[in-house]
Each structure stands twice: as C-alpha cells, then as structure tokens.
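# Structure assessment
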Amino acid sequence: MTTQVMTSKERALAAFAHREPDRVPVDYSANPGIDLRLKQYYGLAADDHEGLLVSLGVDFRNVSGVPYTGPELFAPVEGRTVDIWGIHRRWVEHDSGGYWDYCDFPLRDASLDDVERWPLPSPDDFDYTYVTEACRRWKDYCIIAGNAGVGDIINSTGMIRTMEQVLIDLATANPIGLRYIDRKLEVTLEINRRILEAGRGMIDVFCMGEDLGTQIGPMISVKLFRREIRPRLQKFIDLAKSYNLLVMFHSCGSSSWAFDDFIDMGVDIIDTLQPEAAHMSPPYLKQRYGDRLAFHGCISTGGPVAYGTVEDVVNNVRATLEVMMPGGGYALAPSHALQDNSPTENVVAMYAAAHQYGRYA
C-alpha cells in the first residue's frame with residue numbers, strides 16, 4: 001500500500017501486479033448517447049473525448065485507432081454502413097437513442113471460392129505513425145493497444161456469416177467458415193504486430209477478446225474451445241508476450257469456466273466481468289482467481305447505473321470495491337460500454353464514488 005500519489009501508468013501497473021496503489025485505477029467505455037450527455041454535463045465539445053476522460057479521472061488510453069489509408073474495398077449500400085471487412089450495419093432507433101445493428105450477412109451462404117476471393121484490407125494500408133505519436137502524448141497513462149474485437153472469432157465472424165452459422169462452422173470444422181476465420185486473423189495479427197512495433201517500449205497492455213458465455217453458462221464446450229478457439233487466440237497472446245506486454249482478455253457473460261485455460265495461455269487481466277452472469281460475482285472471482293488474475297470491469301451496465309438511483313449506484317460501487325480492492329489486482333470499469341439508458345447523474349456518481357471510495361489510504 002502506498003500513500004504517494006501515482007501517475008495513471010504507475011497506478012494501473014501496480015494494481016495489475018497485485019500491489020495496492022494509491023487508489024483503484026478506473027476506465028471508461030460508453031455508447032454515443034450517454035457519451036454526448038456526459039460531455040454536455042462537463043461543458044465539453046461533442047468531439048472532446050480526451051476532455052471527458054480527464055473529467056472522469058480515467059487512467060487508461062487506447063492507441064489502436066490507426067487510420068485506414070487504403071482503397072475502398074466494398075461498394076456503398078443504401079441504408080447501410082459497410083466497413084473495411086465488408087460487414088453491414090443498419091441504424092436501429094430505440095427509446096433512449098439508437099445503435100448500429102449487424103445485417104445482410106454477405107458471407108452467410110458463401111462457398112470456399114467466395115471466401116478466398118473476399119477482399120481484406122492490407123496491413124500496409126494503415127497509418128501506424130498515429131500509435132507512436134499517441135504513446136508519446138499519453139506517456140503518463142496506462143496505454144492499451146488492441147480492443148475486445150482483436151482475435152475475436154465467434155462475434156466478428158457472426159457479424160458477416162450469422163451467429164448460428166459460425167457456431168455450426170466451429171462445431172463441424174466447416175472448411176468454409178474456418179478459412180474465413182483464418183484469413184481474417186492472419187491480417188489482424190499482422191496489423192497488431194505493426195501497432196505494437198510502432199509503440200515498442202511505450203505500450204503497457206494488449207487487449208483482445210472472445211465472448212464465451214451466455215448469462216447462464218458457457219456458449220461452447222471446453223472441448224470445442226480447446227480445439228478451434230484456443231490455438232488461434234494463442235497467436236495473439238504470444239505476439240503480445242514477445243513485446244513484454246500484459247494481456248487483457250475481454251469475454252462477456254458466464255466465462256469463468258475458461259479462466260484456467262486463460263491463465264495457462266498467458267492472460268494476465270480479465271475484462272467485462274458481468275456480475276449478474278453465472279459464476280461471475282465479485283466474491284467468486286476474487287476468491288477463486290484473485291491471486292492469479294487481475295480484473296477490469298465489474299460495474300454492470302444493466303444494473304444500478306442504468307436502473308437505480310444515485311444512492312444505488314454509490315452503494316454498488318462501494319460494495320464492489322470492498323470485495324475487489326484488497327491486495328490490488330483490480331481496475332474499476334463498466335462491464336461493457338455504458339448504455340444510452342443510463343441516467344447522466346448515475347454515471348457521474350459512479351466515477352465520483354470510484355475516486356472517493358477507491359483510495360487505499
């Protein structure tokens with residue numbers, strides 16, 4: 001335990017090394033609606049993301065937003081956005097805002113030839129100088145490269161092939177689905193190698209992910225995970241370790257069934273930690289894995305921050321900290337992106353409580 005005020009980098013790295021820093025580090029992720037309302041609350045411009053992170057006292061910065069500079073790979077589709085991977089999204093309104101939902105699934109009925117011909121971005125067509133510049137600018141923060149979609153197989157393939165089809169592909173070892181997965185992973189692995197090289201010596205954590213749980217249990221079997229998922233994820237972990245980075249793994253739902261495998265693979269930190277999912281409560285995680293894994297998350301985006309009062313939010317943050325703080329090993333963050341149905345005052349209270357009650361001295 002220390003009473004000395006730390007930089008954000010020192011604070012996060014101490015916590016992830018299972019030491020007690022001056023306070024629990026905090027992180028932020030949010031959907032556009034609540035993000036804009038928070039900026040308005042703090043008197044910030046709509047594009048002042050850095051100002052919002054400073055206002056909330058966030059200890060982390062991500063440097064993976066490398067600009068794509070290559071050719072347009074897909075023709076525009078009316079009423080859709082189409083990204084560099086060919087994934088289609090459509091805007092869906094709801095009572096508190098809206099979101100971009102996946103649709104059309106252009107490779108749902110693809111043949112092996114279709115998959116082989118499918119355009120993929122070249123790792124040469126990104127501006128990696130962004131990484132070096134961002135790392136230097138944010139040198140006092142804990143710098144993360146990657147995100148929850150790096151290395152991801154089930155979700156990202158489901159976005160273009162449907163969730164049902166990707167699960168069938170994995171269960172049956174369908175060469176069509178597996179070939180698409182391997183082609184995309186090969187490209188993303190090289191993109192991330194270049195990101196890590198551009199930030200060599202300045203990046204602290206590599207983030208990757210694969211959603212492996214429903215709310216009540218595993219999404220797939222351990223046998224299937226070890227046969228098809230684990231060997232592919234291992235390449236990304238090995239890449240991160242070659243740069244001496246901590247590995248943070250994002251997995252939604254009831255995913256603790258895979259944590260022993262994660263530890264064996266070299267994962268250091270688990271992200272999201274939906275406390276309402278089976279076998280994901282803070283006491284369970286801290287007691288069973290707290291000496292072998294660090295944690296990042298635990299504040300449910302479907303709990304008090306969305307549906308409770310300010311008092312409920314503060315009590316939830318305090319209760320979570322009481323369990324997760326001892327001995328370090330914890331960064332407070334929402335269990336996923338804060339949703340647009342979260343009242344602004346609840347989110348403000350969440351971060352204020354984290355700073356007030358997350359101090360070790």
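## As for the overall build of the protein chain
- Check the secondary structure of the protein chain and you find 14 helices and 10 strands.
- Relative to its length of 361 residues, the protein chain is compact, with a C-alpha radius of gyration of 20 Å against a globular reference of 21 Å.
- Principal axes of the C-alpha set define a box for the protein chain whose edges measure 60 × 45 × 40 Å.
- Evaluated residue by residue, the protein chain yields a buried proportion of 54% over its 361 residues.

## Examining the sheet that holds strand E9 (residues 294-299)
- Spatial ordering of the open sheet is given by E1-E5-E6-E7-E8-E9-E10, a layout of seven strands whose pairing is parallel. On the outer flanks of this sheet lie strand E1 (60-62) and strand E10 (330-334), each paired with one strand and no other. When strand polarity is set aside, the average angle formed by the axes of neighbouring strands in this sheet is 30°.
- Summarising the sheet, strand E5 (residues 142-146) and strand E6 (residues 205-209) pair through three bridges and their orientation is parallel. Bridge pairing links glycine 146 to cysteine 207 in E6.

## What to know about helix H1 (residues 8-16)
- For H1, a buried count of seven out of nine residues is recorded, marking the element as mostly surrounded by other parts of the structure.
- Directly after H1, the chain includes histidine 18, whose backbone phi takes a positive value near 65°.

## Some details on the packing of aromatic side chains
- This structure, assessed with the given rule, holds 12 aromatic pairs.
- Taken together, a centroid distance of 5.8 Å and an interplanar angle of 80° make the contact between phenylalanine 225 and tryptophan 257 edge-to-face. Residue phenylalanine 225 is found in helix H9 (residues 222-242), and its partner tryptophan 257 is found in the loop between strand E7 (246-251) and helix H10 (259-265); the two are separated by 32 residues along the sequence.
- Joined through ring pairs, the aromatic side chains of Phe225, Phe249, Trp257, Phe259, Phe262 and Tyr289 make up one cluster.
- When the ring centre of tryptophan 85 is taken as origin, the NZ or CZ atom of lysine 184, which lies over that ring, is 4.9 Å away.
- Over the face of the ring belonging to tyrosine 357 we find arginine 318, whose NZ or CZ atom lies 4.2 Å from the ring centre.

## Some thoughts on the side chain of aspartate 261
- Position of aspartate 261 relative to the elements: it lies in helix H10.
- Setting aside residues no more than four positions away along its own chain, aspartate 261 makes contact with Phe225, Arg226 and Arg230.

## A few points about the environment of valine 26
- Among the structural elements, valine 26 can be located in the loop between H1 and helix H2 (32-41).
- For valine 26, a relative accessible area of 1% corresponds to the buried category.
- Measuring from C-alpha to C-alpha, the distance between valine 26 and arginine 11 comes to 9.8 Å, with 15 residues separating the pair along the chain.
- Residues within four places of valine 26 in sequence aside, it is in contact with Leu56, Gly57, Val58, Asp59, Phe60, Leu332, Tyr351, Ala354 and His355.

## A look at the pairing of E10
- When you tally the buried positions in E10, you get five out of five residues, the bulk of the element.
- Here E10 shows no split at all, with Tyr330, Leu332 and Pro334 on one side and Ala331 and Ala333 on the other all buried.
- Note: E9 against E10, five bridges, orientation parallel. Directly across from phenylalanine 295, in E10, lies its bridge partner tyrosine 330.

## A closer look at the pattern of salt bridges
- Using the criterion set out here, one finds 26 salt bridges in the structure.
- Where aspartate 264 meets arginine 230, a salt bridge forms, and the shortest distance between an N and an O atom there is 2.5 Å. Highlighted residues: aspartate 264 in helix H10 and arginine 230 in helix H9, separated in sequence by 34 residues.
- Taken together, the shared-partner salt bridges in this structure form one network comprising Arg11, Asp22, Arg23 and Asp59.

## Here's the deal with a nonpolar patch on the surface
- On the surface, Trp91, Tyr99 and Trp100 cluster together into a nonpolar patch covering about 330 Å² of accessible area.
- The class for tyrosine 99 is partly exposed, based on a relative accessible area of 37%.

## Some thoughts on the nonpolar core
- Core analysis: the largest hydrophobic core is formed by 94 residues, its most contacted members being Phe262 and Leu332.
- For this core, the leading source of residues is helix H8 (residues 175-198), giving nine residues.
- Contact partners of phenylalanine 262, with chain neighbours within four places excluded, come to Leu212, Phe225, Phe249, Val267 and Ile270.
- In this structure, Ala12, Phe60, Cys142 and Val205 belong to the second largest nonpolar core, which totals 11 residues.

## Thoughts on unusual backbone geometry
- Positive phi is not limited to glycine here, since histidine 18 has a value of about 65°.
- Within the element layout of this structure, histidine 18 appears in the loop between H1 and H2.
- Given the relative accessible area of 28%, histidine 18 is considered partly exposed.
- Backbone geometry at histidine 279 places phi at a positive 60°, although glycine is not the residue there.

Each value, and the rule that gives it
- Each residue is numbered by its place in its chain's sequence as written, counting from 1.
- Local features are withheld for residues below a pLDDT of 70 in this predicted model, meaning they are given only at 70 or higher, and side-chain atom pairs are given and counted only at 80 or more; totals for whole chains, interfaces and linings count all residues.
- Only hydrogens and water are set aside when side-chain values are computed; all heavy atoms of the structure are taken into account.
- Helix and strand assignments come from DSSP, with helices taken as H or I runs of at least 4 residues and strands as E runs of at least 2, each series counted from the N terminus.
- Computation of the radius of gyration draws on C-alpha atoms alone. For the globule rule, the value is 2.2 Å times the number of residues to the power 0.38.
- Each residue's exposure class comes from its accessible area (1.4 Å probe, protein chains only) as a fraction of the maximum for that residue type: buried when under 20%, exposed when over 50%, partly exposed otherwise.
- Paired strands, as defined in this entry, are two strands with at least two bridges between them according to DSSP.
- Axes here refer to lines fitted to C-alpha atoms; in helices the fit is confined to the stretch in contact. Angles between the N-to-C directions go from 0 to 180 degrees.
- Only Phe, Tyr and Trp rings take part, Trp by its six-membered ring, and two of them pair if their centres are within 6.5 Å. Stacked means planes under 30 degrees apart, edge-to-face means over 60, and tilted covers everything else.
- Whether a charge sits over a ring comes down to the Lys NZ or Arg CZ being within 6 Å of the ring centre and within 35 degrees of the ring normal.
- It only takes one pair of heavy atoms within 4.5 Å for two residues to be counted as in contact.
- What makes a salt bridge here is a side-chain nitrogen of Lys or Arg within 4 Å of a carboxyl oxygen of Asp or Glu, nothing more.
- Only residues above 30% relative accessible area that lack a salt bridge enter a patch, with like-charged residues linked at up to 9 Å and the nonpolar side chains Val, Leu, Ile, Met, Phe, Trp and Tyr linked at up to 5 Å.
- All accessibility values rest on the Shrake-Rupley procedure with a 1.4 Å probe; residue burial counts only the protein chains present in the view.
- Working definition of a nonpolar core: buried Ala, Val, Leu, Ile, Met, Phe, Trp, Tyr and Cys residues. They are joined through side-chain atoms within 4.5 Å.

None of this, on its own, says anything about what the molecule does.
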